[in-house]
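# Commentary on secondary and tertiary structure
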Amino acid sequence: MVDLFAGTWKMISSENFDDYMKALGVGFATRQMGNMAKPSLIISVDQGMISMKSQSTFKTTEVKFKLNEEFDETTADDRKTKTVFTLENGKLVQKQNWDGKSTTIERSLEDGKLIAKCIMNDVVAVRTYAKED
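The text that follows walks through the structure, step by step, so that each part is easy to find. (Residues numbered from 1 in each chain as written. Predicted model: local features only at pLDDT ≥ 70, side-chain atom pairs only at ≥ 80, totals over all residues. Heavy atoms only, no water.)

### As for a nonpolar patch on the surface
Note the following rule: Within the patch definition used here, like charges are joined within 9 Å and nonpolar side chains (Val, Leu, Ile, Met, Phe, Trp, Tyr) within 5 Å, considering only residues with over 30% relative accessible area and no salt bridge. What sets the accessible areas is the Shrake-Rupley method with a 1.4 Å probe; for residues, cover comes only from the shown protein chains. Any carboxyl oxygen of Asp or Glu that lies within 4 Å of a side-chain nitrogen of Lys or Arg is treated as forming a salt bridge with it. Think of it this way: any DSSP run of H or I at least four residues long counts as a helix, any run of E at least two long counts as a strand, and we number them from the N terminus.
Where nonpolar side chains cluster on the molecular surface, the patch consists of Met1, Leu4, Leu87 and Leu109 and spans about 340 Å² of accessible area. For Leu87, the position within the fold is in strand E6 (residues 80-88).

The structure is reproduced here in structure tokens:
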């Protein structure tokens, strides 16, 4: 199932991401860079280990994980989180917890596109990616 997400995905749209970063507590300068970045998302699966790399001119980050196993993540905006990925109803769901806060990123495949819904409290950002050939 996770194999369906594998590939290189180029961001084609981003909605409400600034408000999402504000909700996370990201500072102004980092938000400006985050809003300008149009990252590629490279997802690969190797013997149950999943790699997700986000590449942009601003920053490249990579996480490697197994489903349902919590791990320590340092996010692109430098939060230190306890993160777990699960598969729920065909969605790849990432939950990050830090400092008593929590955010969820739901990645789903719709019409050949990867849709990432970033949820923090009542703020939802939607980032859409198209698969590169």
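Still more to cover.
### Re the sheet that holds strand E7 (residues 91-98)
The cut-off we apply is this: In this description, strands pair whenever DSSP reports at least two bridges between them. To get an axis, fit a line to the C-alpha atoms, keeping to the stretch in contact for a helix; angles then go from 0 to 180 degrees between the N-to-C directions.
Spatial ordering of the open sheet is given by E4-E3-E2-E1-E10-E9-E8-E7-E6-E5, a layout of 10 strands whose pairing is antiparallel. Edge positions in the sheet fall to strand E4 (60-65) and strand E5 (71-74), since each of these pairs with one other strand and no more. Each strand axis lies, on average, 25° off the axis of its neighbour in the sheet, ignoring direction. Sheet analysis places strand E3 (residues 49-55) next to E4, joined by six bridges and oriented antiparallel. Across the sheet, the residue bridging to Gln55 is Thr60, located in E4.

### With respect to the packing of aromatic side chains
Here is the rule we go by: Working definition: rings of Phe, Tyr and Trp (its six-membered ring) pair if their centres are within 6.5 Å, and the pair is stacked with planes under 30 degrees apart, edge-to-face with planes over 60 apart, and tilted otherwise. Relative accessible area decides the class of each residue, using a 1.4 Å probe on protein chains only: under 20% of the type maximum gives buried, over 50% gives exposed, and in between gives partly exposed.
Counted according to the given criterion, the structure contains four aromatic pairs. Consider the rings of Phe65 and Phe71, whose centres lie 6.0 Å apart with planes at 5°: the pair is stacked. Side by side, Phe65 and Phe71 carry an identical accessibility label, which is buried. Note on Phe71 and Phe85: the rings are 6.2 Å apart at their centroids and 5° apart in plane angle, and the pair reads as stacked. With Phe71 in strand E5 and Phe85 in strand E6, this pair connects stretches of sequence that are 14 residues apart. Among the residues examined, Phe85 registers a relative accessible area of 0% and is labelled buried. One aromatic cluster is present, formed by Phe65, Phe71 and Phe85 through successive ring pairs.

### Observations concerning the pattern of salt bridges
Taken as a whole, this structure holds eight salt bridges when the rule is applied. Two residues, Asp18 and Arg31, come together in a salt bridge whose shortest N-O distance is 2.9 Å. With Asp18 in helix H1 (residues 17-24) and Arg31 in helix H2 (residues 28-36), this pair connects stretches of sequence that are 13 residues apart. Here Asp77 makes a salt bridge to Arg79, at a shortest N to O gap of 3.0 Å. Residue classification places Asp77 among the partly exposed positions, given a relative accessible area of 23%.

### A few points about the nonpolar core
Put simply, the test is: To form a nonpolar core, buried Ala, Val, Leu, Ile, Met, Phe, Trp, Tyr and Cys residues must be joined to one another through side-chain atoms within 4.5 Å. Note on contacts: a residue pair qualifies if any of its non-hydrogen atoms lie within 4.5 Å across the two residues.
Core analysis: the largest hydrophobic core is formed by 27 residues, its most contacted members being Tyr20, Ile43, Met52 and Leu114. Every element with two or more residues in this core is listed here: strand E1 (7-15), H1, strand E2 (40-46), E3, E4, E7, strand E9 (113-120) and strand E10 (123-131). Setting aside residues up to four positions removed in sequence, Met52 forms contacts with Leu41, Ile42, Ile43, Thr61, Glu62, Val63, Phe65, Phe85, Leu92 and Arg107.

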